[in-house]
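Coordinate analysis (summary)
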Number of protein chains: 2
Amino acid sequence: MIDGILEEYRLKIESRLDMINALPGQPYDPVIDAARYSLLGGGKRIRPVILLEFYKLCGANDDCAYNFACALEMIHTYSLIHDDLPCMDNDDMRRGKPSCHIRYGESMALLAGDNLLTEAFAACAKTLGLPQERVLRAISYLSGAVGSAGMIGGQVIDTSVPVQNEQMLFRMYSLKTCALIRAAAVCGVILAGGDDEKIKLAETYAENLGLAFQIIDDLLDVGGTADVLGKPVGSDDKNGKNTAVRLLGESRCRALATQYTENALSALSGFNADTSVLKEITEMLLTREK
Amino acid sequence: MIDGILEEYRLKIESRLDMINALPGQPYDPVIDAARYSLLGGGKRIRPVILLEFYKLCGANDDCAYNFACALEMIHTYSLIHDDLPCMDNDDMRRGKPSCHIRYGESMALLAGDNLLTEAFAACAKTLGLPQERVLRAISYLSGAVGSAGMIGGQVIDTSVPVQNEQMLFRMYSLKTCALIRAAAVCGVILAGGDDEKIKLAETYAENLGLAFQIIDDLLDVGGTADVLGKPVGSDDKNGKNTAVRLLGESRCRALATQYTENALSALSGFNADTSVLKEITEMLLTREK
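Figured I'd write up the structure that's included with this text. (Residues numbered from 1 in each chain as written. Chains lettered and ligands numbered in written order. Predicted model: local features only at pLDDT ≥ 70, side-chain atom pairs only at ≥ 80, totals over all residues.)

For the rest of this paragraph, the subject is the overall build of chain A. Of the regular secondary structure elements, chain A holds 15 helices and two strands. The globule rule puts the C-alpha radius of gyration for 290 residues at 19 Å, and the 18 Å found for chain A is close to it. Burial statistics for chain A: of 290 residues in total, 53% are counted as buried. In chain A, once contacts between residues fewer than 6 apart in sequence are set aside, the share between residues at least 24 apart is 72%. (Helix = DSSP H or I, 4+ residues; strand = E, 2+ residues; numbered from the N terminus. Rg over C-alpha atoms; globule rule 2.2 N^0.38 Å. Buried ≥ 20, exposed ≤ 12 C-beta atoms within 10 Å, placed from the backbone. Contact = placed C-beta atoms within 7 Å.)

Take chain B, turn it by 180°, move it 0.0 Å along the axis, and it overlays chain A with an RMSD of 0.0 Å. Expressed as an axis order, the relation between the two copies is that of a two-fold axis. For chain B, the smallest separation between a C-alpha atom and the rotation axis is recorded for Gln132(B), amounting to 3.1 Å. Of the interface residues in chain B, 100% have counterparts in chain A that sit at the interface too, so the contact is made through matching surfaces. (Least-squares fit on C-alpha atoms with pLDDT ≥ 70 in both.)

In this section: unusual backbone geometry. Residues and elements named next belong to chain B. Not every positive phi belongs to a glycine, and Arg 45 is a case in point at roughly 60°. By secondary structure assignment, the location of Arg 45 is in the loop between α2 (30-39) and α3 (46-57). Judged by local crowding, Arg 45 falls into the buried class, with 22 C-beta atoms found within 10 Å.

One frequent convention defines the size of an interface as the accessible area lost when the parts assemble. Chain B puts 38 residues into the contact, and the matching count from chain A is 38 residues. Breaking the side of chain B that touches chain A down by element, the ones donating at least two residues are α2, α6 (106-125), α7 (132-146) and α8 (151-160) of chain B. Top contributing element to the side of chain B that touches chain A by residue count: α6(B), with 13 residues. Tallied by class, residues from the side of chain B that touches chain A come to 19 nonpolar, 13 polar and six charged. (Nonpolar A, V, L, I, M, F, W, Y, C, P; charged D, E, K, R; others polar.)

Geometric descriptors of this kind do not, in isolation, establish any biological role.
Written as structure tokens, this is what we have:
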């Protein structure tokens, strides 16, 4: 069941992403081409789906939140493009293809990331059919989640500080990985007009899902093959960085991933609505192979 | 007179910029430090002043637009930081000091730019005390002006295409330099609730001011000294790029700068209000020496 639902979401999200980031007829625009290369080159589209599911959970039954949902995927892609640059992680491959800067050159990759971030906020501001105070509040939450107190803050730790213990590693994951997932869940609630109690549940869900997601990423990075992962095995390792597996060992990582997944599922049960899709996504991410 | 008014603006804008981009007590945050280094290291603050003056021109008489005005300066600074990076113009000096990436390293400069762009939209969304539809409309205009159909589009031409004629050069200037100035003028009008006729005048003013500004920049780049300019003389030249002076010669450039300045002043006269500050700024930019 879940595969069909996710596939339906994927098609709708990708068609909207395609529209928002349309190539102009003339002249050819290399920055949009580069952005589209990374944006439309695969990915699970988990963040937009989470936003749209929380939107539905809070009783909204329309397509008004799609632009905002797509903005999350654009921000996710911008972060990957900039993260792959030589001055950051220097990764040549992403999702089984050459990274954006390998394909388009460093300057165009830099600008493609800048443009995706910019156009993401443009897409948010064009959320039509919903009360404007909700849209502004959601933009405010999102920008807070992806700035220096959120996603970028995580990149800063990842880039500039040797992570030496569990507490610091999880702080980094909470910022770098969980913050954007948290924005997805919470903005879904805000756009649907959900109350503070629902926002709190959405935050708890997303924080735990994000930690489980990141730990499994680390486990896959040790145990996967390049073919399945779409990037070199051990690529996080090559920069000498500590991962959850390095610090805690595989078996404790598996136990933690299961625990965080259970916490996420338990937050969902606080909603008085059908959470089956989110439950299946959550379990699917725990058992995924790439 | 104008010096006193600009100084008063500068102090208020810089104090607000300082507050928006405050360093946390603990832990030390290198990305905010790097952003502040570039953001608070001088500059004429022309874009925020233009926004605030157009806001006043349209009858608004309060401080509600300051956050939005500061966002323009943050976006301007992000564009300078990314533009100076080795993969772009590779400029080591900016405003008489080492560029952000020379001082903080490439990865931190990249993230500082990303963060300023992100926090700029956060600041816009926190524009309080004004009707929310105006704020959303202004965010929409601003994000359009600094994306691939605006400022980033100008960077793309500047980076990837050899500019071979006057038309193409002015297209690049219109996107790279004028678009953000246009956003400043127009967002001032939008936030104050000005009508479409005023938006049109603001666009005409800003487009002409931006072109005059950029041509004078090119003239100064040829004739100035590094001490006065704060960057190496001929730095635009060193990458083999065409400038207005190279394509058109100095005397035609001076004539064009005067013409665009007159066009800008003429647009101002369409406002039924006191435009003396904007007039003085416009004339001051024409005769500036750095």
